[in-house]
Amino acid sequence: MSPQRPALHQPVRSRHARSARQVMPTDQLPEGARSKDARARVSMRPKRRGKAPAHMVDLTMEARKQALKEMGIPGFRADQLSRQYFTHFEANPELMSDIPQQLRAPLREGFLPQLVEHVTTQKADGGYTLKHLWSLFDGARVESVLMRYPKRTTLCISSQAGCGMGCPFCATGQMGLTRNLSAAEILEQVRLAAKACERGDLAGGATRLTNVVFMGMGEPLANFGALKNVLKGLIEEPPNGFGLSARNVTVSTVGLVPGIKKLAALGYPVTLAVSLHAPDDELRDPLIPINSRWKVGELLDAAREYFVKTGRRVSIEYALIRDMNDHPWRAQLLADQLNARGHGWAHVNPIPLNPTPGSIWTASTRAAQEEFVSVLRGAGISTTIRDTRGSDIDGACGQLATKVAKEEEKTHD
Ligand code: SF4
């Protein structure tokens with residue numbers, strides 16, 4: 001028997017009355033707005049058509065061998081070069097002592113071109129967090145963030161330059177989508193982070209990269225072709241990939257339902273994180289503009305289906321924003337929506353924001369946070385408040401948490 005679904009738009013129970021105060025995302029211009037008529041909206045069309053030069057890790061092993069043969073280089077070098085890349089985190093043939101001198105320059109030019117150039121690195125959290133800014137072949141810039149925790153080291157990566165999802169709290173969203181990154185441009189962020197870990201760039205000395213989250217710039221499911229190859233490169237064992245555990249890879253989405261279905265069909269048991277931030281369409285439509293295409297109910301159905309197909313519990317990310325989405329009735333509605341689809345399939349991560357005076361994107365009061373969590377737990381929903389560690393972006397699509405953290409940094413300058 002199918003479970004009874006609560007109707008959307010309406011609090012299911014009356015035990016948590018609607019608060020009088022309701023701040024809406026439209027009460028302020030979108031972040032980074034250039035004119036007072038700016039609106040939060042989705043734009044899927046990239047501004048640039050250019051593609052990054054083809055790179056070894058864009059190709060399957062068979063295609064690598066074929067490409068080398070076409071360059072007059074024996075196919076067995078594909079295995080050797082792939083091991084250099086995925087095991088020793090080395091991508092420059094000039095620095096590979098097992099590659100004959102005369103092959104190094106042609107390989108650098110035609111097979112392993114430099115795709116990513118380091119611009120700058122910022123340290124945070126006493127050196128336990130490193131934010132790297134990279135410049136790509138066409139001058140587009142993306143950021144990746146490496147964070148060391150007691151039991152894991154996590155890299156947050158960007159999947160697109162700019163983003164077409166138009167979330168009003170995110171300046172990246174107002175820039176629109178510049179272009180999709182290639183699989184190799186994304187894997188390069190991972191390789192360089194793995195090398196930084198090995199070199200001991202993070203406080204605490206040399207370590208190993210254990211986790212990767214797609215929570216940086218861009219919506220990974222809107223760049224599905226590259227995402228598919230990147231997952232392969234992350235999860236498969238060397239020489240085909242870095243050999244990370246699929247359980248330690250998280251793909252975050254604001255709600256591209258067809259993409260969630262395609263991800264489930266790939267069969268990699270990666271964690272799906274849904275940046276929900278509101279359980280009702282009335283608020284989620286202006287908060288996450290793609291919601292006007294795929295509503296909360298449809299999104300949660302797809303998330304539940306993902307759990308059924310992969311056995312992986314889904315993370316529901318929920319940034320608590322004062323008087324916007326932190327009402328007890330919304331916690332109850334969220335719990336009802338999740339429970340209506342079964343028990344134990346989702347875990348909610350409320351993310352406390354930092355206070356940003358004068359902005360609508362500001363922290364809930366401590367009391368509101370506590371009540372929100374207690375309503376969820378009281379309804380049997382497993383819930384963990386994220387420790388956002390100042391600059392930590394491991395938890396949302398990233399941009400909401402970082403944006404507010406950055407605002408706070410500015411006020412402290
Ligand atoms: S919050 Fe994420 S999905 Fe939304 S516009 Fe920013 S980068 Fe894109």
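Since the structure is predicted, the reported quantities are computational estimates derived from the model, not experimental observations.

## Structural notes on the overall build of the protein chain
A tally of regular secondary structure across the protein chain gives 12 helices and 11 strands. The burial tally for the protein chain puts 47% of its 413 residues in the buried class. For the protein chain, restricting intrachain contacts to residue pairs at least 6 apart in sequence, the fraction spanning at least 24 positions comes to 69%.

## Description of helix α7 (residues 257–266)
Among all positions in α7, only Val257, Gly259, Ile260, Leu263 and Ala264 are buried. Down the axis of α7, the buried side of the element spans an arc of 155°, and every buried residue falls inside it. Facing away from the buried side of α7, by more than 90 degrees, are the exposed residues Pro258 and Ala265. Where α7 terminates, the next one or two residues include Gly267, which has phi positive at roughly 85°.

## Comments concerning the packing of helix α10 (residues 328–339) against helix α11 (residues 366–378)
The angle between the axes and the distance between the axes are what describe a pair of packed helices. Two elements in contact, α10 and α11, have axes whose closest approach is 8 Å; the angle formed by their N-to-C orientations is 30°. Taken together, α10 and α11 sit at an angle that is classed as roughly parallel. Seen from above, α10 lies across α11 with right-handed handedness. Contacts from Pro328, Ala331, Gln332, Leu334 and Ala335 of α10 reach α11 at Glu371, Phe372, Val375 and Leu376. Across the contact of α10 with α11, the residue classes tally to 7 nonpolar, 1 polar and 1 charged.

## Structural notes on unusual backbone geometry
In this chain, Pro238 is followed by Pro239 through a cis amide linkage whose omega measures 10°. Position of Pro239 relative to the elements: it lies in the loop between α6 (224–235) and β8 (249–253). Phi is positive for His277, which is not a glycine, with a value near 65°. Structurally, the position occupied by His277 is in the loop between β9 (271–275) and α8 (281–287). Residue classification places His277 among the buried residues on the basis of 26 C-beta atoms within 10 Å.

## Notes on the packing of helix α5 (residues 183–199) against α6
One way to put it is that α5 packs onto α6 with a least axis distance of 8 Å and a crossing angle of 35°. Pair α5 / α6 crosses with right-handed handedness. Here Ala183, Ile186, Leu187 and Val190 of α5 lie close against α6, whose contacting residues are Ala226, Asn229, Val230, Gly233 and Leu234. For the contact of α5 with α6, the residue count by class is 7 nonpolar, 2 polar and no charged.

## Topic: the UniProt feature "binding site: [4Fe-4S] cluster" (unreviewed entry) in the protein chain
Mapped onto this numbering, the UniProt entry gives "binding site: [4Fe-4S] cluster" (unreviewed entry) at Cys163, Cys167 and Cys170. As for its position among the elements, Cys163 is in the loop between β5 (160–162) and α4 (171–175). With near-sequence residues (within four places) excluded, Cys163 lies in contact with Thr172, Gly173, Leu177, Met217, Gly218 and Glu219. Position of Cys167 relative to the elements: it lies in the loop between β5 and α4. A residue is classified by how many C-beta atoms lie within 10 Å of it, and Cys167, with 28 of them, is buried.

## A look at the environment of Leu231
Summarising the element assignment, Leu231 is placed in helix α6. Take Leu231: there are 24 C-beta atoms within 10 Å of it, and that puts it in the buried class. Filtering out sequence-adjacent residues up to four positions away, Leu231 remains in contact with Val249, Leu266, Tyr268 and Val270.

## Overview of the confidence of the model for the protein chain
Per-residue pLDDT for the protein chain averages 89, and the proportion of residues at 70 or more is 89%. When the criterion is pLDDT under 50, residues 1–14 qualifies, and its contacts beyond four places in sequence or with other chains add up to 24 contacts. Low confidence marks residues 390–398, where pLDDT is under 50. Its contacts with residues over four positions away, or in another chain, come to 38 contacts.

## Examining the pairing of strand β11 (residues 346–352)
Of all 7 residues making up β11, 5 are buried, and the element is well covered by its neighbours. Here 7 bridges tie strand β10 (residues 314–320) to β11, and the two strands are oriented parallel to one another. Residue pairing across strands places Ala319 opposite Ile351, the latter belonging to β11. With α10 bridging β10 and its parallel neighbour β11, the resulting β-α-β unit is right-handed.

## Considerations on the nonpolar core
In this structure, Val190, Ile260, Leu272 and Ala303 are the most contacted members of the largest nonpolar core, which totals 109 residues. Broken down by element, this core gets its largest block of residues, 9 residues, from α5. The contacts of Val190, once residues within four sequence positions are left out, are Leu155, Ile157, Val212, Leu234 and Phe242.

## Describing the sheet that holds strand β2 (residues 129–136)
One open sheet holds the 9 strands; their spatial order is β1-β2-β3-β4-β7-β8-β9-β10-β11, and the pairing between them is mixed. The open sheet has two edge strands, β1 (116–124) and β11, and neither has a second partner. Going from strand to strand, the sheet's axes swing by 20° on average, the running direction of each strand aside. Here strand β3 (residues 141–148) pairs with strand β4 (residues 153–156) via 4 bridges, running antiparallel. Directly across from Arg148, in β4, lies its bridge partner Thr153.

## Focus on the pairing of β3
Within β3, 7 of the 8 residues are buried, which leaves it mostly tucked inside the rest of the structure. Two successive antiparallel strands, β2 and β3, enclose a turn made up of 4 residues, where Gly139 displays a positive phi of approximately 90°. Counting the residues that bridge the hairpin from β3 to β4 gives 4 residues.

Calculation rules
Residues numbered from 1 in each chain as written. Predicted model: local features only at pLDDT ≥ 70, side-chain atom pairs only at ≥ 80, totals over all residues. Helix = DSSP H or I, 4+ residues; strand = E, 2+ residues; numbered from the N terminus. Buried ≥ 20, exposed ≤ 12 C-beta atoms within 10 Å, placed from the backbone. Contact = placed C-beta atoms within 7 Å. Arc of directions from axis to C-beta. Axes fitted to C-alpha atoms, helices over the stretch in contact; angles between N-to-C directions. Parallel < 35°, antiparallel > 145°, perpendicular 65-115°, else oblique. Left-handed = near helix turned anticlockwise from the far one by under 90°. Nonpolar A, V, L, I, M, F, W, Y, C, P; charged D, E, K, R; others polar. UniProt positions renumbered as here; feature names shortened; annotations may be inferred. pLDDT = per-residue confidence, 0-100. Pairing = 2+ DSSP bridges. Right-handed = clockwise from strand over helix to strand, strands pointing away. Core = buried A, V, L, I, M, F, W, Y, C linked by C-beta atoms within 7 Å.

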